[in-house]
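As a plain string of letters, each chain reads:
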There are 8 protein chains.
Amino acid sequence: MALNVYLSGEIHTDWREQITAGAEGLDITFNAPVTDHGASDDCGVAILGAEPNKFWHDRKGAQVNAIRTRKGIEDADVIVVRFGDQYKQWNAAFDAGYAAALGKSLIILHGPDHAHALKEVDAAALAVAEEPLQVVDILRYVLTGKLPG
Amino acid sequence: MALNVYLSGEIHTDWREQITAGAEGLDITFNAPVTDHGASDDCGVAILGAEPNKFWHDRKGAQVNAIRTRKGIEDADVIVVRFGDQYKQWNAAFDAGYAAALGKSLIILHGPDHAHALKEVDAAALAVAEEPLQVVDILRYVLTGKLPG
Amino acid sequence: MALNVYLSGEIHTDWREQITAGAEGLDITFNAPVTDHGASDDCGVAILGAEPNKFWHDRKGAQVNAIRTRKGIEDADVIVVRFGDQYKQWNAAFDAGYAAALGKSLIILHGPDHAHALKEVDAAALAVAEEPLQVVDILRYVLTGKLPG
Amino acid sequence: MALNVYLSGEIHTDWREQITAGAEGLDITFNAPVTDHGASDDCGVAILGAEPNKFWHDRKGAQVNAIRTRKGIEDADVIVVRFGDQYKQWNAAFDAGYAAALGKSLIILHGPDHAHALKEVDAAALAVAEEPLQVVDILRYVLTGKLPG
Amino acid sequence: MALNVYLSGEIHTDWREQITAGAEGLDITFNAPVTDHGASDDCGVAILGAEPNKFWHDRKGAQVNAIRTRKGIEDADVIVVRFGDQYKQWNAAFDAGYAAALGKSLIILHGPDHAHALKEVDAAALAVAEEPLQVVDILRYVLTGKLPG
Amino acid sequence: MALNVYLSGEIHTDWREQITAGAEGLDITFNAPVTDHGASDDCGVAILGAEPNKFWHDRKGAQVNAIRTRKGIEDADVIVVRFGDQYKQWNAAFDAGYAAALGKSLIILHGPDHAHALKEVDAAALAVAEEPLQVVDILRYVLTGKLPG
Amino acid sequence: MALNVYLSGEIHTDWREQITAGAEGLDITFNAPVTDHGASDDCGVAILGAEPNKFWHDRKGAQVNAIRTRKGIEDADVIVVRFGDQYKQWNAAFDAGYAAALGKSLIILHGPDHAHALKEVDAAALAVAEEPLQVVDILRYVLTGKLPG
Amino acid sequence: MALNVYLSGEIHTDWREQITAGAEGLDITFNAPVTDHGASDDCGVAILGAEPNKFWHDRKGAQVNAIRTRKGIEDADVIVVRFGDQYKQWNAAFDAGYAAALGKSLIILHGPDHAHALKEVDAAALAVAEEPLQVVDILRYVLTGKLPG
């Protein structure tokens, strides 16, 4: 068994690196959105031409990013969605809902402060973790049957 | 043509009432989540037994609410998702993603301040409105071909 | 909102009657398998001809019953699966798996003694109840937003 | 033609080893649930934190195991489900129902004593075998057209 | 529970009339192909213009008939396919395969002489009957739980 | 049998009226896009606010119209797509492709001059007609088995 | 582009060999049912135990063969179905219907004598050929754009 | 991440070559229809026999081409549809609609003169480009996160 895992959500900490480093040696393909905030915001206008109106500036970029995001989610067996401490992160919750409707296995990753606000998202998940290394432990167990420690 | 419309999201203003009142006379069935905040939070434990741990208290409630939410979204032709000024509203973004993956027509309703944070959600929508009466105008036009004014 | 609810599983107590009586006045269509044990066992051979081999006797009946069971599950929004104290009840667990794969909302109904053995089935459910009237309370809440008491 | 086969059900005898050994040389990928009973029961709490309530202890574990189970079933062409002499084995019947709803080819493996209790499960299968080596014979025939003997 | 039943296959005996008459009083909607052989053969050219080449004459008619056939099969819960004594009846077997791939409940109706030649078709069915009244008995049992006699 | 028919394409002649008038008395629900050219072009900006850039003006309108178009196509059993003498009519061909991918029965309606340019569209259809009354004849035959004349 | 092609139908002439030989050098994976008539008829009882009743003898075999047939059809991009001069060949027409419902590209191969009897099957196909080498020419053209001669 | 991209539409300029050359080094598989206009028009009759009637000549060819087109679209993650200056190009719009209904990511490529006529097609797309190299920039960004310049 091999897994395809999509790492959605927060882009300002190194949680993706912790997971991919921790999962070294496991048969997992990781995908993720573009995590360069500036490139992600401006990709639409940089390629397809400037927009004076910020709304359409954002629309162009969000739709170009959607090509990658949808491919990543649709190819995945497991979607990990990380909610950090800052920002609205509605795109992370949107990805979680999108993945849930496709029947993907969801792992939600967040600190205890967000638990109540994320209760509907957590309720659609097969695991709710607080630390990236717990995600690694889950993926290792799923693939090998080995528990940590 | 008749429409089934699900009104997802913010539960602290009267936007649902504005839409259903404005749409009087149109052949539309409206559905929505339970909007009684207390009942929505406590439905799980009130029916299935208390939980000392708040996480499972929330889980029980969120899953009972999911019976209604999924039915409402799956039956709908159009999902309107309202983002208000307060709270994280991740469940609203989750519903939007869920509906998008099912190929439903999405209308997103929010003030201009949220535009950048909602750009991925808006990019999946067929309309982005600021006022509930614009949603009514869209629904009337879709059903009758008549524009306002 | 109206619900179509399929009541699967145990056929030797009056739990279906408790639910349908308790739900009187709610906009719910209930369906269920044939609960006459003898008719259910013998329907295949009674209609299509006797089989000397019990295996094919059972096969003929189980396939005729499957016409009703599949229709009931596929039409349903909510599947309630009751596990009683007796028998293997593998058909109940089969129905639960079938419904889960179709994305139906599952409510599992069983006493606390079965909790560990049913953990995989419960884990796919949106609610786990011990009493039929809890199922009624859930259905009433889903349709009306009203909690008991 | 190559086959992906998922071996679901009983974990206390060596039936999986008999099948994989017997099928050596055939172009088959086998998958299975975690068959270490203790690890399977405790994986949720071992990774995600202890639960004083056994119900949630079980839920956490069952949902982590579901990541593997669903992946295994969804990737498979053929699901073999083994019912042994002990335990309720409702998860095996659940897997069979889940696989049936996805249109997978089912092979059910059980002794003659269980035939009546499994009639609905058997009726959804393309083969009902009593011995692991019959499963091997079926898989060899499906891939090569060769019959045993 | 109500059923939608599509009656496919042989058009030269009164088996459809026997079934619909026998099922009087049951909540069943019956559909069927156009059973006027001449109209069925010529509908394409009669409406859309003559074709000198018999192959295209047949194509035009078969495609117009497919509008009705597909609608009938896709709307149905149960497909009854009758194989009579004459003709190739490949369209009947085609309908059976089409319905099987859609997951419809199949009842095959034929005399014992055809059993071996129809073994693959029968193997996809939930019931194989020899007489139209057996089909009526199945439908009555599925809807009411009552066995004949 | 009743039919839901969506009438897509050209909006400058009375072909829709000819079909609906000709089909009077048949159990058919007809739907169509908004055929008021001006309203269709301007619906987006009229409801959701002006756009200085014609591209986004058009985008807003096309997306609002898509709510109606998708609902109409997805609800339909049969899609009739009319290609007239003028304009590019790419939206008509788009609707035809959209409907084909959903497995809908397609009837294409156009004059002989367009036959070569429409060969790929025609090749996906179950009927190609030149006159609206031929479409009526097809619909009557599909529902009643009666041929014209 | 590579193609997966399933060769269904007649098993008494060398048409499959003609196609696979003719297609040498093209990037095509061919699959087919077991074409050893005796093995195909007896596989069920040879592996799973004798049946005194011919009907169940046939059922056991047909269901074991269905494991291969369904895998072959579901994996295929193109299904070629050959109707020969002998036998009822209902399984071939069943496969064609099954493949059509799954949206597979169908090529039907038969002599001109069968054209009228196969008109519904042909009408669901993208090509109707009389000779195996025409099928090779189609496959070569689809993959390379090269026409014969 | 790797992408499968289908290049649909105009066949009289070198836009496909510009894209595939520009994308060299990226992990992309490109597919396209047969772009030899003569072969594409005549493939049906060249292989399956001449037709005196141009309509059926075209039908035979269009259906053979559909084997390739459908395979190309169904395998693709991204569909690029190019509208050139000449011809009706209804097949391009048909492909766009077909791909949209399958939920594929669409990029539409056309000059500004066609913007109004293509507004419904553009509205279903995630990007609208004017130059082939913009498509390359999008594909590179989707795969690598790198913006041009």
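Going by the structure above, here's the rest.
What you are looking at is a predicted structure, and each value in this text was computed from that prediction instead of being measured.

**Student:** Can you explain the packing of helix H2 (residues 37–48) of chain B against helix H3 (residues 54–75) of chain B? Please cite residues and give values.
**Tutor:** All names here are of chain B. Axis separation between H2 and H3 bottoms out at 7 Å; the angle between their running directions is 100°. By the angle between their axes, H2 is roughly perpendicular relative to H3. Taken together, the residues of H3 that come into contact with H2 (itself represented by Ser-40, Asp-41, Asp-42, Cys-43, Gly-44, Val-45 and Leu-48) are His-57, Lys-60, Gly-61, Val-64 and Asn-65. Residues that form the contact of H2 with H3 fall into these classes: 4 nonpolar, 5 polar and 3 charged.

**Student:** Lay out the sheet that holds strand S5 (residues 127–129) of chain A in plain terms, naming residues and giving numbers.
**Tutor:** Residue and element names in this part refer to chain A. Pairing is parallel across the open sheet formed by 5 strands, whose spatial order is S2-S1-S3-S4-S5. Looking along the sheet, the strands with just one partner apiece sit at the ends: strand S2 (28–31) and S5. Averaged over neighbouring strand pairs, the angle between their axes works out to 20° when direction is ignored. As paired elements, strand S3 (residues 78–82) and strand S4 (residues 105–109) share 5 bridges and run parallel to each other. Across the sheet, the residue bridging to Val-80 is Ile-107, located in S4.

**Student:** How would you explain the interface of chain F and chain H if you had to name every residue and give the values?
**Tutor:** At the junction of the two partners, chain F supplies 35 residues and chain H supplies 34 residues. When the buried surface of chain F facing chain H is broken down by residue, Lys-88, Trp-90 and Phe-94 of chain F rank first, second and third, together holding 24% of it. The salt bridge involving Lys-119 of chain F is made with Asp-41 of chain H; its shortest N-O contact spans 3.2 Å. At the junction of chain F and chain H, the tally comes to 14 residue pairs in polar contact (both at pLDDT 80 or more).

**Student:** Which residues make up the relation of the copies chain E and chain G, and what values do they have?
**Tutor:** Rotating chain E by 180° and moving it 0.0 Å along the rotation axis overlays it on chain G with an RMSD of 0.0 Å. The transformation just described matches what one would write down for a two-fold rotation axis. Of the interface residues in chain E, 100% have counterparts in chain G that sit at the interface too, so the contact is made through matching surfaces.

**Student:** Hey, could you go over the pairing of strand S1 (residues 3–9) of chain C for me, with residue numbers and the actual values?
**Tutor:** Walk down a regular strand and you will see the side chains alternate between the two sheet faces. Residue and element names in this part refer to chain C. Burial analysis of S1 places 7 of its 7 residues in the buried class, the great majority of the element. In the sheet, S1 pairs with strand S2 (residues 28–31) via 4 bridges, with the strands oriented parallel. Bridge pairing in S2 links Asn-4 to Thr-29. Taken together, S1, helix H1 (residues 15–22) and S2 form a β-α-β motif whose crossover is right-handed.

**Student:** So, the packing of H3 of chain B against helix H3 (residues 54–75) of chain D: which residues are in play, and what are the values?
**Tutor:** Following both chains from N to C, one finds H3 of chain B and H3 of chain D inclined at 60°, their axes separated by 13 Å at the closest point. Seen from above, H3 of chain B lies across H3 of chain D with left-handed handedness. Seen from H3 of chain B, the contacting residues are Trp-56, Arg-59, Lys-60 and Gln-63 of chain B; seen from H3 of chain D, they are Trp-56, Arg-59, Lys-60 and Gln-63 of chain D. Here the contact of H3 of chain B with H3 of chain D is built from residues that sort into 2 nonpolar, 2 polar and 4 charged.

Definitions and limits used
- Residues numbered from 1 in each chain as written.
- Chains lettered and ligands numbered in written order.
- Predicted model: local features only at pLDDT ≥ 70, side-chain atom pairs only at ≥ 80, totals over all residues.
- Heavy atoms only, no water.
- Axes fitted to C-alpha atoms, helices over the stretch in contact; angles between N-to-C directions.
- Helix = DSSP H or I, 4+ residues; strand = E, 2+ residues; numbered from the N terminus.
- Parallel < 35°, antiparallel > 145°, perpendicular 65-115°, else oblique.
- Contact = heavy atoms within 4.5 Å.
- Nonpolar A, V, L, I, M, F, W, Y, C, P; charged D, E, K, R; others polar.
- Pairing = 2+ DSSP bridges.
- Buried area = accessible area lost by both parts, 1.4 Å probe.
- Salt bridge = Lys/Arg side-chain N within 4 Å of Asp/Glu carboxyl O.
- Polar contact = N/O pair within 3.5 Å; in protein donor to acceptor, adjacent residues only side chain to side chain.
- Least-squares fit on C-alpha atoms with pLDDT ≥ 70 in both.
- Buried < 20%, exposed > 50% of the residue type's maximum accessible area, 1.4 Å probe, protein only.
- Right-handed = clockwise from strand over helix to strand, strands pointing away.
- Left-handed = near helix turned anticlockwise from the far one by under 90°.

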